[in-house]
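Structural characterization, general
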Amino acid sequence: MSEISSPTSNKISILQKSAMSCVKCAKCVPTCTIYSVNRDEITSPRGYLDLVSAYAEGKLSMDLNLKDSIESCFLCTTCVTQCPMSLPVDIVIERARVDIAQKYGIPFYKKILFYMLGKRSVLNFVFSMGYYFNPCIFKTQDGYKKIRFKIPKIGDRVISPLNKKSFLQTYHGLIESQYKKNHSINNTQTSNNKKVGIYIGCLSNYNYLNVGISLLKILDKLGIDAFVPQKQECCGAPAFFSGDIKNTTKLIKKNLNYLLPFLEDLDALLIPEATCSAMLLSDWHHALEIESEVFGIDNKQYFDKLEVLTKKTFMASKWLHDYTNLDEVLKICKKEEVTVTYHDPCHARKVLKIYQEPRKLLKNFTLKEMNESSACCGFGGVTIQSEKYHLAKAIGDKKAQNIAKSGANIVSAECSACRMQIDDSLSRNDVHTKFMHPLELIANNLENKSNIE
Ligand code: SF4
Ligand code: SF4
């Protein structure tokens, strides 16, 4: 394995480049997620850039205080959207976390998690065991599943649903539109013999199966064939946000080598998850760059493959809105009585600039906007959810209160990480708003349609 290069040994490292450009205007500070809890400049975007700049110049060593500060960032990217120069504070944090992991190692529980995320067969077994031992381990409280006893790093939080079989074990290969087969092709109702791939994401694969099923139902009604590559791997987000660059790039490269041959035959690769979408479309590039910088690895062939992949990769709502007639089809579906408030996942709104499309596709629901719909939900990644859960709770409580104040029946977001965090926050705050993914709402709406058959 190559030795990690010290940040000072590079010509100009990722860390230094951004820090040198910061003009200290403080525009990023008031809306920073972690600053809103800590009220301390050393956990603010401007503070991070100052700290890592000093570290990169060798004036500050990587110690436990610096580690604690850098690991407190939620990677929500709000600062990037506020900064007049769009300084990539998130990439600086991700890069600094690689050095933290190099110096302090990856904690054992994360090593196990990341190992399993890279081994589908093991994860399939673990989740199906969880399903069978469900009643012994979990209790149901106010409609949410919680662990019966306290487990370190997990606490008494809400647990995502467990299933006997994953989405990929159940749905894979070519899934032809039955609607297209059963109806003579009428291009006013179908989307012209399109075929799309589905990259499902781990939470929709193991926990929220109905997300992928809903996407299949929507594609079916539009006359679009689906193809689900069964051996797709985790996008690497949990490892990347924890500084485990080796496991991240291993997953990226496996995915690129596996997915690319299918692309030629597909109109698009759809991802019904904001975090995985942002990983493929943005963070895979950063991760390969960081690996090249830190370990001196030539990733050119993977940058080339990534360029091909990103041209056809879309967050599901974006593609459905921009490239199909779903919007038209929904116009003749019935108006629903339930009201919906939409939470903007950071990776959708701030990274990919997607926020209008899911709202437009929810046209048959009355939307009741919550205050600060684009404020981070407080998920923050594995470290925040385990070692800094108090921070996730502090931010999650604000989100739960804003959801309650909206008065909507349903809260929706195109992200299962947000769903985990929002469900936990709603349960803790005794808010009885139900979470549904926008694709679940749209698929239900299409099934209830009165006059399209
Ligand atoms: S990514 Fe979010 S939490 Fe981190 S510094 Fe920027 S605004 Fe603050
Ligand atoms: S908004 Fe940008 S330039 Fe201004 S202090 Fe924040 S990071 Fe620096």
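The shown structure was predicted, so the numbers you read here are calculated from the model rather than taken from an experiment. (Residues numbered from 1 in each chain as written. Chains lettered and ligands numbered in written order. Predicted model: local features only at pLDDT ≥ 70, side-chain atom pairs only at ≥ 80, totals over all residues.)

1. Details of the overall build of the chain
Check the secondary structure of the chain and you find 25 helices and twelve strands. In summary, the chain has a C-alpha radius of gyration of 22 Å against a globular reference of 22 Å for 453 residues, a match within 12%. The principal-axis extents of the C-alpha atoms in the chain amount to approximately 70 × 50 × 50 Å. Evaluated residue by residue, the chain yields a buried proportion of 51% over its 453 residues. Looking at the chain alone, contacts between residues at least 24 apart form 80% of all its contacts between residues at least 6 apart. (Helix = DSSP H or I, 4+ residues; strand = E, 2+ residues; numbered from the N terminus. Rg over C-alpha atoms; globule rule 2.2 N^0.38 Å. Buried ≥ 20, exposed ≤ 12 C-beta atoms within 10 Å, placed from the backbone. Contact = placed C-beta atoms within 7 Å.)

2. Quick look at the confidence of the model for the chain
Mean pLDDT for the chain: 91, with 91% of residues reaching 70 or above. In the predicted structure, residues 1–5 sits below a pLDDT of 50 and forms seven contacts with residues beyond four places in sequence or in another chain. (pLDDT = per-residue confidence, 0-100.)

3. Observations concerning the packing of helix H15 (residues 245–263) against helix H17 (residues 300–312)
For any two helices packed against each other, one specifies the crossing angle of their axes together with the interaxial distance. Relative to each other, H15 and H17 sit at 55°, their axes nearing to 10 Å. If you check the angle between H15 and H17, you find them oblique. Where H15 crosses over H17, the two elements pack in a sense that is left-handed. In this structure, H15 uses Ile252, Lys253, Leu256, Leu259, Leu260 and Leu263 to contact H17, whose residues at the interface are Tyr302, Lys305, Leu306, Val308, Leu309 and Lys312. Looking at the contact of H15 with H17, its residues break down into nine nonpolar, no polar and three charged. (Axes fitted to C-alpha atoms, helices over the stretch in contact; angles between N-to-C directions. Parallel < 35°, antiparallel > 145°, perpendicular 65-115°, else oblique. Left-handed = near helix turned anticlockwise from the far one by under 90°. Nonpolar A, V, L, I, M, F, W, Y, C, P; charged D, E, K, R; others polar.)

4. Quick look at the site of ligand 2
Within the structure, ligand 2 sits among 14 residues, and Cys22, Cys25, Lys27, Cys28 and Cys83 are positioned closest to it. Among the elements that make up the shell around ligand 2, the one with the highest residue count is helix H3 (residues 45–56) (three residues). Each residue belonging to the shell around ligand 2 can be placed in one class, and the counts come to ten nonpolar, one polar and three charged. (Near = placed C-beta within 6 Å.)

5. Topic: the domain arrangement of the chain
Structurally, the chain comprises domain 1 (14–104), domain 2 (167–322) and domain 3 (328–447). Taking only C-alpha atoms into account, the centre of domain 1 sits 30 Å from that of domain 2. On the domain 2 side, the residues contacting the nine residues of domain 1 number ten residues. Of the residues forming the side of domain 1 that touches domain 2, the biggest block, seven residues, is contributed by helix H6 (residues 89–104). Looking at the side of domain 1 that touches domain 2 residue by residue, the class counts come to six nonpolar, no polar and three charged. (Domains from an automatic or database assignment.)

6. Side note on the UniProt feature "domain: Cysteine-rich" (unreviewed entry) in the chain
Feature annotation in UniProt places "domain: Cysteine-rich" (unreviewed entry) on residues 196–280 and 340–423, given in this structure's numbering. Split by type, residues 196–280 is 58% helix and 13% strand. Its first and last C-alpha atoms lie 16 Å apart. Annotated as residues 340–423, this span is 51% helix and 10% strand, and its ends, taken at the C-alpha atoms, are 15 Å apart. (UniProt positions renumbered as here; feature names shortened; annotations may be inferred.)

7. Things to note about the site of ligand 1
Neighbouring ligand 1 are 14 residues; Cys32, Cys73, Cys76, Thr78 and Cys79 lie closest to it. Tallied by class, the residues present in the shell around ligand 1 amount to ten nonpolar, three polar and one charged.

8. Observations regarding the sheet that holds strand E3 (residues 158–159)
Read across the sheet, three strands follow the order E1-E2-E3 without closing on themselves; strand pairing throughout is antiparallel. The outermost strands of the open sheet, each flanked by one partner alone, are strand E1 (138–141) and E3. With four bridges joining them, E1 and strand E2 (residues 144–147) adopt antiparallel strand pairing. Directly across from phenylalanine 138, in E2, lies its bridge partner isoleucine 147. (Pairing = 2+ DSSP bridges.)

9. Quick look at the environment of tyrosine 302
Inspection of the secondary structure assignment puts tyrosine 302 in helix H17. A tally of 22 C-beta atoms within 10 Å means that tyrosine 302 is categorised as buried. For the pair tyrosine 302 and leucine 288, spaced 14 residues apart in sequence, the C-alpha to C-alpha distance is 8.0 Å. Not counting residues within four places of it along the chain, the set of residues in contact with tyrosine 302 comprises Ile252, Lys253, Leu256 and Leu288.

10. Some points on the packing of H15 against helix H16 (residues 274–295)
Look at H15 against H16: their axes get within 10 Å of each other, and the N-to-C directions meet at 125°. Compared by their axis directions, H15 and H16 come out oblique. When you trace H15 past H16, the crossing you get is left-handed. Every residue of H16 that contacts H15 at Ile245, Thr248, Thr249 and Ile252 is listed here: Trp284, Ala287, Leu288, Ile290, Glu291 and Val294. Along the lines of polarity and charge, the residues of the contact of H15 with H16 split into seven nonpolar, two polar and one charged.

11. A word on the sheet that holds strand E7 (residues 268–271)
Pairing is mixed across the open sheet formed by five strands, whose spatial order is E4-E6-E5-E7-E8. Taken across any chain shown, the strands that pair with only one partner, and hence form the sheet edges, are strand E4 (173–175) and strand E8 (313–315). Across this sheet, the average inter-strand angle for adjacent strands is 30°, counted without regard to direction. Bridge count for E7 against E8 is three bridges, and the pairing is parallel. Its bridge partner lying in E8, leucine 269 is registered against threonine 313. Running at roughly 150° to E8, H16 makes contact with E7 and E8 of the sheet.

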